[in-house]
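Single-letter residue listing:
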Amino acid sequence: MDNEEHSSHRRTVAILSRGDAAARRDATPKSGRFVDVFEALAAVGIDGRPVIYDESFADAAREQLLSADGVLVWVNPIQDGRNRAGLDALLRDVAAQGVWVSAHPDVILKMGTKEVLYRTRSMGWGSDTALYQTAAAMRAELPARLASGPRVIKRNRGNGGQGVWKVEKLPTSSMISVLDATKDTPEELTLDDFLRRCAEYFENGSVVDQAFQPRLGEGVVRCYMAGDRCAGFGHHKVKALIDSPAARAEAGPRLYSSNADPRFQRLRRLMEEEWMPQLTLLLDIARGDLPAIWDADFMLGPVQADGSDSYVLGEINVSSVHPYPAEAPAEIARRVADRLQLKL
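Everything numeric in this text was worked out from a predicted model, so none of it was measured.

Peer 1: So what's going on with the sheet that holds strand 8 (residues 151-155)? Which residues, and what values?
Peer 2: Taken in spatial order, the six strands line up as 7-12-8-9-10-11 in an open sheet, and their pairing is antiparallel. The strands lining the two open edges of the sheet, one partner per strand, are strand 7 (129-132) and strand 11 (187-189). Here the average twist between neighbouring strands, direction ignored, is 30°. Relative to strand 12 (residues 207-211), strand 7 runs antiparallel, the two being bridged by four bridges. The residue of strand 12 that forms the bridge with Thr-129 is Gln-210. Here helix 8 (residues 135-146) sits on the sheet in contact with strand 7, strand 8, strand 9 (164-169), strand 10 (176-180) and strand 12, set at roughly 160° to strand 7. Along the sheet, helix 9 (residues 191-198) makes contact with strand 8, strand 9, strand 10 and strand 11, crossing strand 11 at roughly 105°.

Written out as structure tokens, the structure reads:
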């Protein structure tokens, strides 16, 4: 009898996003950004429930999550001046009580911050990367690195280009050229002035320093992953950190394609067969704990001897991956079903 009741139990997954009281009142599986995910979950026999989160009604959201088997989370690290500190504590609490959380805050800290660029620098996607734990270390080490070429400075946690800078030594001046990823034109600053701008990044985090990739203007490839399987691609020419007005004029929207896109099959193979085993080993993440949806942004590195492109990791996005290719929701649902099966 117990087995019959257990097998007939329909699994439930909450889809959590940030919003106000009105959004919470009006949320349904047939409205909002995640209709396609709700539909994909239903297709594999999982009931999806929208949960809207705000610090002002966190307790009510917590009760909703505790009544679900799992939760998929779409909340940015920084949004409208708020961070995820309260939400992450809530998610750790419900996870400790048996609810599967994707992505779990501890997994985000391992792979969804800029520090992952430093921790995985020995992998095939790695590049010349340094990590500064203190402002004093950055002051001491950055000038020597600038002497060899432009660098990209990234705060450990952020989104939308916040806290990302291209920094370059000026050849005929003691000043440096600094280009904010969210701005169009660079500034000339003293190193001390730039360091003061970065001081707040060390209050609760670190700073990553990565060599600038000269082929950035050729575009960025975003590889979407559902767990350890590729769920599609996005490609676009970017404006961020591009100095040339002509190159900036070529920037356009990200264009999405399926995981069968012939342009990126080598990248897919590298991700699924080589880099995922290495990543999970280096970061001590069980494969089943990889996020149900995440992405990795790749710049083109040096052309290899056989004429093929190399890829340099620029960022991993975990906290709030949206939008994504049309094929991704089905991949998300499959990974969710696989993961919930482990709870039976």
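Peer 1: Provide a residue-level description of the packing of helix 4 (residues 58-66) against helix 5 (residues 85-96), including the pertinent values.
Peer 2: When two helices pack together, their arrangement is given by the angle between their axes and by how far apart the axes lie. At a closest axis distance of 10 Å, the pairing of helix 4 and helix 5 adopts a crossing angle of 30°. Of the possible angle classes, the one that applies to helix 4 and helix 5 is roughly parallel. Note on packing geometry: the crossing formed by helix 4 with helix 5 is right-handed. Two secondary-structure elements touch here, helix 4 through Ala-58, Arg-62, Leu-65 and Leu-66 and helix 5 through Leu-90, Leu-91, Asp-93 and Val-94. When its residues are assigned to classes, the contact of helix 4 with helix 5 shows six nonpolar, no polar and two charged.

About the cut-offs
- Every chain is numbered on its own, with residues counted from 1 as its sequence reads.
- Local features in a predicted model are, by the rule used here, given only for residues with pLDDT of at least 70; side-chain atom pairs are given and counted only at 80 or more, and totals for whole chains, interfaces and linings are based on all residues.
- Side-chain measures were taken over the full set of non-hydrogen atoms in the model, leaving aside hydrogen atoms and water.
- Strand pairing requires that DSSP identify at least two bridges connecting the strands.
- A run of H or I in DSSP counts as a helix once it spans at least four residues, and a run of E counts as a strand once it spans at least two, with each numbered from the N terminus.
- To get an axis, fit a line to the C-alpha atoms, keeping to the stretch in contact for a helix; angles then go from 0 to 180 degrees between the N-to-C directions.
- Residue contacts are counted whenever heavy atoms from the two residues lie within 4.5 Å of one another.
- By the definition adopted for this analysis, an angle is roughly parallel if under 35 degrees, roughly antiparallel if over 145, roughly perpendicular if from 65 to 115, and oblique otherwise.
- The crossing is said to be left-handed when, going from far helix to near helix, the turn is anticlockwise and less than a right angle, and right-handed when the turn is clockwise.
- In this count, Pro and Cys sit with the nonpolar residues alongside Ala, Val, Leu, Ile, Met, Phe, Trp and Tyr, while Asp, Glu, Lys and Arg are called charged and the others, Gly among them, polar.

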